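The primary structure of each chain is shown beneath.
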There are 2 protein chains.
Amino acid sequence: MVGIRRLAQHLDISIGTVSRALNGRPDVNAETRRRVLEAALELGYAPNQAGRSLRKGSTGVVGFMMQSGSEITGDGDTFFMSVFDGVQAVFARHNLDLVVLLCSSREDPDAYLRRTVARGFADALIISATRKQDPRIDFLAERHIPFIALGRSQSDVDHPWIDLDFEGLARIGIDRLVAQGHRDIAIAAPADDANLGHIFVETAQNTLATHGLPLPPHRLLRSPPNEAGGYAMAQKIVAMSDRPTAILLVNETTAIGFYRGLHDAGLAPGRDIAIIGFRESPQAKFLSPPLTCFRLDLHALGEALAEALLATMPAYKEQYPLGTVRRIWPMELVEGLSDREE
Amino acid sequence: MVGIRRLAQHLDISIGTVSRALNGRPDVNAETRRRVLEAALELGYAPNQAGRSLRKGSTGVVGFMMQSGSEITGDGDTFFMSVFDGVQAVFARHNLDLVVLLCSSREDPDAYLRRTVARGFADALIISATRKQDPRIDFLAERHIPFIALGRSQSDVDHPWIDLDFEGLARIGIDRLVAQGHRDIAIAAPADDANLGHIFVETAQNTLATHGLPLPPHRLLRSPPNEAGGYAMAQKIVAMSDRPTAILLVNETTAIGFYRGLHDAGLAPGRDIAIIGFRESPQAKFLSPPLTCFRLDLHALGEALAEALLATMPAYKEQYPLGTVRRIWPMELVEGLSDREE
């Protein structure tokens, strides 16, 4: 049995034409289709359904792989939906459709990706929730499947990526809290394995050090990245005999639960503990007192992801001569009242 | 040119075998593949790529079409992610993958669906955001594509659907407010065209009538179904010279903005206006005072959708002998403090 490549070589016509002929596309003339079918018969053609679509860029579909499950998204998502909107705005120019590939939290992301690729319905992929070592990156590179990662990883195959400015967030947040007189600052730690989360902690630690301040282990607080996690973290702080005077959060949904946890203990954000939150989520905008946090243009981030991905796809790279995009996405501080005593 | 059906008739073998032969699947023997390719050549085979996958159930992928865009989801989503989780739990039993088809709010959902079907990468579809008249339902029925609707519609092709119990919500909410002594109750109106939203308003109106109470037009408040919409609705009420004493909301994200809108005007939920909210969303759980609202098991809803869909798919219907499922999904009142004066 031979694959499409040998079939094309044998016929001395392009793989694309052979593929179109086998799929009965109207833009292949009858004579060519006849020749292709004859050769397929003669040589014992057996295509790899999966690899074919992904490599040839013929499906018109791009997949965005994200993790689902309450441990990850807090029973919802207020981040990716806006990113998708930006990705779609770019894809709409090219009649490409975005589909979201939901990897359940109960499933191994590497196995999920391999299966998805075998399904063969996408021309290219955007992956998210990158890990420190991420076998998906090596897998996609080996298969020559165009992809971009939302998030950094130590797995590096000269692939494009865009990641949030976790360093900037740690630096700006710590500097601001120190300038307001805080000397005992806690940090909500991200899961170490996700998106190079250690970068955030290291930068926070280094920034504290420039002010002559330590980050002792009991000031590095861990919780699930969701509302309930934030509530539990607040309870932990409320129960401390030596509370920190300030905290820097690194997940947007934790702020919601953190506020309520303080409130239930009769403490107020700002007055009793200064809070700088992560992202100005739709819900964060409606917290009282307003949360000091970081604004980020998710729609523009989605557009940038889409354009950087198109820059790696044979059919589009000339229109998007961006090379291999590797970009730290900026976040802008929004002053609220959660880190002030008024 | 002939399609796969005539090819199969000509060969007197099943469409499934012909399809597998043309796709080079290993489970077709070489002799059969040779016969199929010969006949394809002879008859001038030209398959409909799209229809083929969707009708034959061969892709292993089920699409869930949802609308994106801030006008619809409020820059995020806390509803569908949990439903997806339930759908995936059922599909995992059968090695089926769920992909999410995001129809941008800038796009016509009917055109989007037609294009998606033409892409041909899904065996079956779940559609949401149904409209009073929904051409997608007729389209899918005409194409014999297995599907289920999350939401009711007047378009009826004897298809399966599951919808939330909007009647129950209106009845229980109004009865409760009236029992607490309210005589001037406002209703947040859903968009009339979505999910038969008029059912909610009619039931509220009828329930008020059983208590001898009217629903005058200025007590039917409209807003975009998101946080900002809830904020605007609160501002509208605050500015009224004759405020209603209670309100029944029908969108979960509006509660967040509605609370903040009251707060900014120095009014308190419960004390100044009684609120019964829609769904107990992850954020609603952390509102102060706790929101009286309705709990609904989204994971179980997702499982029910998946099973009802499988009941319509040739490959699975024997395992799921459910017939055509048409089901109103129950919601359970969760007592908070937002509709009490304490």
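No experiment lies behind these values; they were computed from the predicted model shown. (Residues numbered from 1 in each chain as written. Chains lettered and ligands numbered in written order. Predicted model: local features only at pLDDT ≥ 70, side-chain atom pairs only at ≥ 80, totals over all residues. Heavy atoms only, no water.)

## Observations regarding the packing of helix H6 (residues 80–91) of chain B against helix H13 (residues 298–310) of chain B
Residues and elements named next belong to chain B.
Stage number 1. Where H6 contacts H13, the axes come no closer than 6 Å and their chain directions differ by 45°. Our classification of the angle between H6 and H13 gives oblique. Our pair here, H6 against H13, has a crossing hand that is right-handed. Every residue of H13 that contacts H6 at Ser82, Val83, Asp85, Gly86, Val87, Ala89, Val90 and Phe91 is listed here: Leu298, His299, Leu301, Gly302, Glu303, Leu305, Ala306, Glu307, Leu309 and Leu310.
Stage number 2. Taken together, the residues of the contact of H6 with H13 sort by class into 11 nonpolar, four polar and three charged. (Axes fitted to C-alpha atoms, helices over the stretch in contact; angles between N-to-C directions. Helix = DSSP H or I, 4+ residues; strand = E, 2+ residues; numbered from the N terminus. Parallel < 35°, antiparallel > 145°, perpendicular 65-115°, else oblique. Left-handed = near helix turned anticlockwise from the far one by under 90°. Contact = heavy atoms within 4.5 Å. Nonpolar A, V, L, I, M, F, W, Y, C, P; charged D, E, K, R; others polar.)

## Some words on empty space enclosed by the protein
Stage number 1. Taken as a whole and assessed by the stated rule, the structure comprises three cavities of 30 Å³ or more.
Stage number 2. Empty space within the largest cavity amounts to approximately 40 Å³.
Stage number 3. Lining the largest cavity are Met66, Met81, Phe84, Val100 and Leu102 of chain A together with Met66, Asp77, Met81, Phe84, Val100 and Leu102 of chain B.
Stage number 4. Mapped by element, the contributors of at least two residues to the lining of the largest cavity are helix H6 (80–91) and strand S2 (97–104) of chain A together with H6 and strand S2 (97–104) of chain B. (1 Å grid on protein atoms, 1.4 Å probe; cavity = no way out; pocket = protein on both sides within 12 Å on 5 of 7 lines; lining within 4 Å. Points joined across faces, edges and corners; volume = space filled by probe spheres on them.)

## Remarks on the environment of Thr203 of chain B
Residue and element names in this part refer to chain B.
Stage number 1. Along the chain, Thr203 falls in helix H10 (residues 198–210).
Stage number 2. Expressed as a C-alpha distance, the spacing of Thr203 and Ile174, which sit 29 residues apart in the sequence, is 9.5 Å.
Stage number 3. Apart from residues no more than four positions distant in its own chain, Thr203 is found in contact with Glu167, Ala170 and Arg171.

## A closer look at the confidence of the model for chain A
Stage number 1. Scored by pLDDT, chain A comes out at a mean of 87, with 89% of its residues at no less than 70.
Stage number 2. Low pLDDT, under 50, characterises residues 47–56 of chain A; the stretch is placed with 29 contacts to residues that sit more than four places away or in other chains. (pLDDT = per-residue confidence, 0-100.)

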